[in-house]
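Descriptive analysis of the structure
For reference, the chains in residue letters:
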Amino acid sequence: MTDDIQTIKDLYAGAEGNSLDLAGFLSCFSDDGYVRNVPAQIDFRGRDIALVASGMADAFPDIHREIFSISATQDLIVVELAIRGTHEGTLMMPTGPVPATGKRIDVPCCDVFRMKDGKVASFHCYNAANIMQEQLS
């Protein structure tokens, strides 16, 4: 379980805007792993998983995820966090692209991971998209 928590910490570290490491981010996932952006109702699989990190880093070059808590039981890890950054690039949303606003975001989020053999089998992101939209308008 401790190794699984470290894998999740490595995943978040790979998605940091100032040190983006897409290969490291992808290496945290099992071959059949996926990411689900729950509010947007979009799944990412295979190499497209990298878009989860790169898309946010493109829109928020200083993106940082502050972790408040990590809870683990067997193959389940739940992380409470905030997504923070400055909107300096185009943000791709299900409703279309949002041009840079220069505004800062501080978005509450809960991520739920299922682990398999030390890798992420599923990553469900429950971000407060409505709060982010308010902060960008």
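This text gives an overview of the structure that appears in the document. Every residue gets a number counted from 1 within its own chain, in the order that chain's sequence is written. Selection of residues for local features in this predicted model requires a pLDDT of at least 70, selection of side-chain atom pairs for listing and counting requires 80 or more, and totals for whole chains, interfaces and linings are taken over all residues. Side-chain figures throughout are based on the complete set of non-hydrogen atoms in the structure, without hydrogens or water.

Let's talk about the overall build of the chain
Quick note on the threshold: The secondary structure listing takes helices from DSSP runs of H or I that are at least 4 residues long and strands from runs of E that are at least 2 residues long, numbered from the N terminus. Residue exposure (1.4 Å probe, protein chains only): buried if accessible area is under 20% of the type maximum, exposed if over 50%, otherwise partly exposed. What makes two residues a contact is simply this: any of their non-hydrogen atoms within 4.5 Å. Neither His nor the chain ends is counted toward charge; the positive residues are Lys and Arg and the negative residues Asp and Glu. The atoms used to mark charge sites are NZ of Lys, CZ of Arg, CG of Asp and CD of Glu.
A tally of regular secondary structure across the chain gives 4 helices and 8 strands. Counting from the amino terminus, helix and strand elements in the chain follow one another as α-α-β-β-α-β-β-β-β-β-β-α. Projected onto the principal axes, the alpha-carbon positions of the chain cover approximately 40 × 30 × 30 Å. Within the chain, the fraction of its 137 residues that count as buried is 43%. Of the contacts formed within the chain by residues at least 6 apart in sequence, a portion of 55% connects residues at least 24 apart. Both charge centroids of the chain, one from 11 positive and one from 19 negative side chains, sit 2 Å from each other.

With respect to the pairing of strand β2 (residues 42–45)
This is how it is decided: Any two strands with at least two DSSP-identified bridges between them are counted as paired.
Where strand β1 (residues 29–37) meets β2, 4 bridges bridge the pair, whose relative direction is antiparallel. For Y34, the partnering residue across the bridge sits in β2 and is R45. Remark: 4 residues form the turn of the hairpin made by β1 and β2, two consecutive strands paired antiparallel; Q41 in that turn has positive phi of roughly 55 degrees.

With respect to the nonpolar core
As a reminder of what qualifies: Within this scheme, the nonpolar core is defined by two criteria: the residues are buried Ala, Val, Leu, Ile, Met, Phe, Trp, Tyr or Cys, and they are joined through side-chain atoms within 4.5 Å.
Counting 36 residues, the largest nonpolar core has L11, F29, F60 and F113 as its most contacted members. The element contributing the most residues to this core is helix α3 (residues 50–59), with 6 residues. Setting aside its immediate chain neighbours within four residues, F60 contacts G85, T86, H87, L91, I105, M132 and L136.

Some remarks on the environment of I67
Structurally, I67 can be placed in strand β3 (residues 64–73). Along the backbone, I67 and I83 are 16 residues apart, and their C-alpha atoms lie at a distance of 8.9 Å. Filtering out sequence-adjacent residues up to four positions away, I67 remains in contact with Y12, V79, E80 and L81.

A closer look at the packing of aromatic side chains
Note the cut-off: Only Phe, Tyr and Trp rings take part, Trp by its six-membered ring, and two of them pair if their centres are within 6.5 Å. Stacked means planes under 30 degrees apart, edge-to-face means over 60, and tilted covers everything else. For a ring to carry a charge above it, either NZ of a lysine or CZ of an arginine must fall within 6 Å of the ring centroid while also lying within 35 degrees of the normal to the ring plane.
Here the structure, examined in full by the defined rule, presents 3 aromatic pairs. Of the aromatic side chains, those joined through ring pairs into one cluster are Y12, F113 and F123. Its end group placed over the ring of Y34, R45 keeps NZ or CZ at 4.5 Å from the ring centre.

A look at helix α4 (residues 129–136)
Applied cut-off: What the arc covers is the set of directions going from the helix axis to the C-beta atoms.
The set of residues buried in α4 consists of A129, M132 and L136. Seen along its axis, α4 keeps its buried residues to an arc of 60 degrees; they face one direction. Buried positions along α4 lie against β5 (91–93), β7 (104–116) and β8 (119–127).

Examining helix α1 (residues 2–14)
The periodicity of an α-helix, 3.6 residues per turn, causes residues three or four places apart in sequence to face the same way. Basically, it comes down to this: Expected span of a helix, by definition, is 1.5 Å for each gap between consecutive residues, and there is one gap fewer than residues.
Taking 1.5 Å per residue as the helical rise, α1 with its 13 residues ought to reach 18 Å, and the 19 Å between its terminal C-alpha atoms agrees with that figure. Inspection of α1 places D4, T7, I8, L11, Y12 and G14 among the buried residues, and these make up the whole buried set. The buried residues of α1 occupy one face: seen down the axis, they fall within an arc of 165 degrees. For α1, the exposed residues set more than 90 degrees away from the buried face come down to T2 and D3. On its buried face, α1 sits against α2 (22–27), β1, β3, β4 (76–86), β7 and β8.

What to know about the environment of C109
Tracing the backbone through its elements, the reader meets C109 in strand β7. Judged by relative accessible area, C109 falls into the buried class, the value being 5%. When the C-alpha positions of C109 and N127 are compared, they lie 4.2 Å apart, and in sequence the two are 18 residues distant.

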